[in-house]
Structure formats: structure tokens, C-alpha cells
Amino acid sequence: MSSPTQAPRAPARDDARAANHDHTDAGASSAHGVAAQAPLEHASAAAPSGAEAGLVFTGYDSPAAASRSAAADPRFQSDPLFDAAERDAVYRAIHTRRDVRGEFLPDAIPDEVLARVLTAAHHAPSVGFMQPWDFVVVRSREVRAKIHADFLAAHAEAEQMFDEGKRETYRNLKLEGILESPVNICITCDRSRHGPVVIGRTHIGAMDVYSAVCAVQNLWLAARAENLGVGWVSILHPQALREALGIPREIVPIAYLCVGYVRDFHARPELEAAGWLKRVPLPELLHFDTWQGRPDAAGERLIDAIAQTRPPAR
Ligand SMILES: Cc1cc2c(cc1C)N(C[C@H](O)[C@H](O)[C@H](O)COP(=O)(O)O)c1[nH]c(=O)[nH]c(=O)c1N2
């Protein structure tokens, strides 16, 4: 597989943004900035050249991929290649996804939109294809109020765990949107689904939990592409969450998510903007061949490429 080595370019999506803002300004519940989809086209036909796009493709044009798609073998995807616009849209979803707490609108989420987002979550990778997740869709104000009450208790406890100097900052952070968002979704993990022996979990037992987190991330990114905000709330007592949602003992709650349309998406993580923590420079997190390994010439080239890679500015 190959990957772009320079900054993904933001596609021209002003129509979608305008539609979204029209909606949010008016407070109407009909149009949620769903832009018309460009037809799928083969990368070699639709994508600008590497020089035009500021991107370098290597493996996408491999003869193997071309002959495979030409042969229309039903075992393989008939149109496996992303063109530049599709690739940029994926990166845009990744880079503009935010943890949303304070900007939720009460507008209802159409069933077909929620269905797409949940289907995306259900198509996450999972160890041994275990699909250990369930999704508790919470709309009831009463149930959400119980969870919110537990959040307030846990939040007060959490405050005391931080150094005195940080407590006031912590106290003033908005860290949930349980009642403001119209839908909450709890993603769980059934650790015994399909029996005790699972391909890929035989030696590292937490793989089922990691799989459920993959579903969370799929949901989060799909929601962003639907112009929906998601906020993960983990300042909760697990037992209180279980009781409020009636989750059986053998099922593990993984993520409690607030979901809804939003007034705005923050440009940066709110914790970064609040001065809580900064994004760690990626090169500081790279290791080469071993944890202790220093970059060789190829490593230095990768670090240079990272320095030139900028998330789309929106
Ligand atoms: C496992 C886990 C648990 C939580 C979070 C995330 C994850 C991955 N985050 C969101 C977190 O603060 C946020 O992702 C980071 O601050 C980065 O911001 P963006 O997500 O990029 O906007 C989160 N946010 C919040 O307001 N309350 C919370 O309890 C939690 N809990």
C-alpha cells in the first residue's frame, strides 16, 4: 500500500459548509449539510497528477491492482482505488473530528443518518471477526438524567485527583453533553461472544476490548462525515452506568457517547485550546526498528516528510 507523503489538500466543500451553516443558523432540522456525492472514479482518470495535487502516489497504480479490478473477480472489490478527492475527504474527516461537549443542538437525527453511523461502527475491524460490540441507543431524558447525575458525582471526585494548581482549570472544563445532545450511545464489549477461544485473542486477552474501541472510532469518523458531533464521556462510575442502562454483568461498557448536530466544531482540541496539554510533535513519538533505535537515512526522510505534512486547514 502507499500513502501520500505531503499535506492532504482540503477539497472544495463550501457547498456543504454553507448548507450546514444555513441550517445551524436557522435552527431548522431538515438540512444538515449533506453535500451531493461526487461519483466514484478510478484514480488514474480522476486524480490530478502527483505534481498538481502535491501528492505522490506509488503503489496505487500497481499492475496487480489494475489487473485484479480489470478481471472483475467477485472475490475482490471491483473499484478498489480511492481518487484524490475521496482520499482528501477521509483525511478531512480525521483531522476535523472533534470531541464535542458544549455545542450540541437538540435537533433530531434522522433515522437513516443514525443508521449509517451505526452501520459504520458495526463494520469496524474486530479480533477473529468477533464483533464483540452492542450499541445501547439512549434517547430517554430520564435515563440520560441518571447518567448525568453520576457524571456530576464522578466529576467532583475527579477534581480532587488533580494537583491543586490544576483543579480550577479542570472544574471549569465542559466535559460532557449528556443532556444537550439528543442521542447518547453506549458501546459495549461482550467478552465471551463466540466462545472462549478467539482467533487473535489467544495470547493477548484485551483484543476484544480494543476491537470495541475500533467501533467507537468508526462511529466517530462516520458521524463527522454526517456533520454530527460526538463526545466521549468516561467520567462515570462503571457500575452506575451499568445500572442506569441495565447492562448485564458479563458485558463491559466501553464508551458512552453523546451524539448530535452542533452549532460549530472547534478548530482545535478543546483541551489544547484551554492550555491543558499540547499535541505532541509526531517525530518525538517515532522509534526505528527498536524502541531505542535512531533514525537512519530513511528515517530522516520520513521525519522530513512529516514536517511537510499539514492537516487540512478549515
Ligand atoms: C477513551 C477516551 C475517553 C474520553 C475522551 C476520549 C477518549 C479517546 N474524551 C475526549 C478527549 O478529551 C479528546 O479526544 C481529546 O482532548 C482530543 O480532542 P479531540 O477529540 O481531537 O477534539 C473525553 N472528553 C470529555 O470531555 N470527557 C471525557 O470523559 C472524555 N473521555
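Values in this document were obtained by computation on a predicted structure and should not be read as measured data.

A. Spotlight on the site of the ligand. Neighbouring residues of the ligand: R97, R98, D99, R101, L175, W232, V233, S234, I235, P269 and L271. Contact between the ligand and R97: an oxygen atom at 2.8 Å from a side-chain N or O atom of the residue. Within the side chain of R101, one N or O atom sits 3.0 Å away from an oxygen atom of the ligand. Surface burial for the ligand is 73%, taken as the share of its 620 Å² of free accessible area covered by protein chains. Across the shell around the ligand, the residue classes tally to 6 nonpolar, 1 polar and 4 charged.

B. Representation of the pattern of salt bridges. Applying the stated criterion to the full structure yields 12 salt bridges. Residue K174 is joined to E176 by a salt bridge in which the shortest nitrogen-to-oxygen separation is 3.3 Å. Beyond isolated ion pairs, a larger network of salt bridges with shared partners links D134, D190 and R193.

C. Highlighting unusual backbone geometry. With a phi close to 45°, Q131 is a non-glycine residue in the positive phi region. Looking at the secondary structure, you find Q131 in the loop between helix 6 (111–122) and strand 1 (133–138). The backbone of H194 shows a phi angle near 65°, a positive value even though the residue is not glycine. H194 sits in the exposed class, given a relative accessible area of 59%.

Conventions adopted
- Within any chain, residue numbers begin from 1 and follow the written order of that chain's sequence.
- Residues qualify for local features only when their pLDDT is at least 70, as the model is predicted, and side-chain atom pairs are given and counted only at 80 or more; totals for whole chains, interfaces and linings, by contrast, use all residues.
- Water and hydrogen atoms play no part in the side-chain values, which are based on all heavy atoms of the structure.
- By convention in this text, a residue qualifies as near a molecule or strand provided that one of its non-hydrogen atoms is within 4 Å of it.
- As used in this structure description, the phrase polar contact means that two N or O atoms lie within 3.5 Å; if the pair is within protein, one of them must be able to donate a hydrogen and the other to accept it, and residues adjacent in sequence are counted only when both atoms belong to side chains.
- Accessible areas in this description were obtained via Shrake-Rupley with a 1.4 Å probe; residue shielding takes into account the shown protein chains only.
- Residues are sorted three ways: Asp, Glu, Lys and Arg are charged, Ala, Val, Leu, Ile, Met, Phe, Trp, Tyr, Cys and Pro are nonpolar, and all the rest, Gly among them, are polar.
- Salt bridge criterion: a side-chain nitrogen from Lys or Arg within 4 Å of a carboxyl oxygen from Asp or Glu.
- Comment: elements are numbered from the N terminus, with helices defined as DSSP H or I runs of at least four residues and strands as E runs of at least two.
- Between buried and exposed lies partly exposed: a residue is buried under 20% and exposed over 50% of the maximum accessible area for its type, with that area taken using a 1.4 Å probe on protein chains only.

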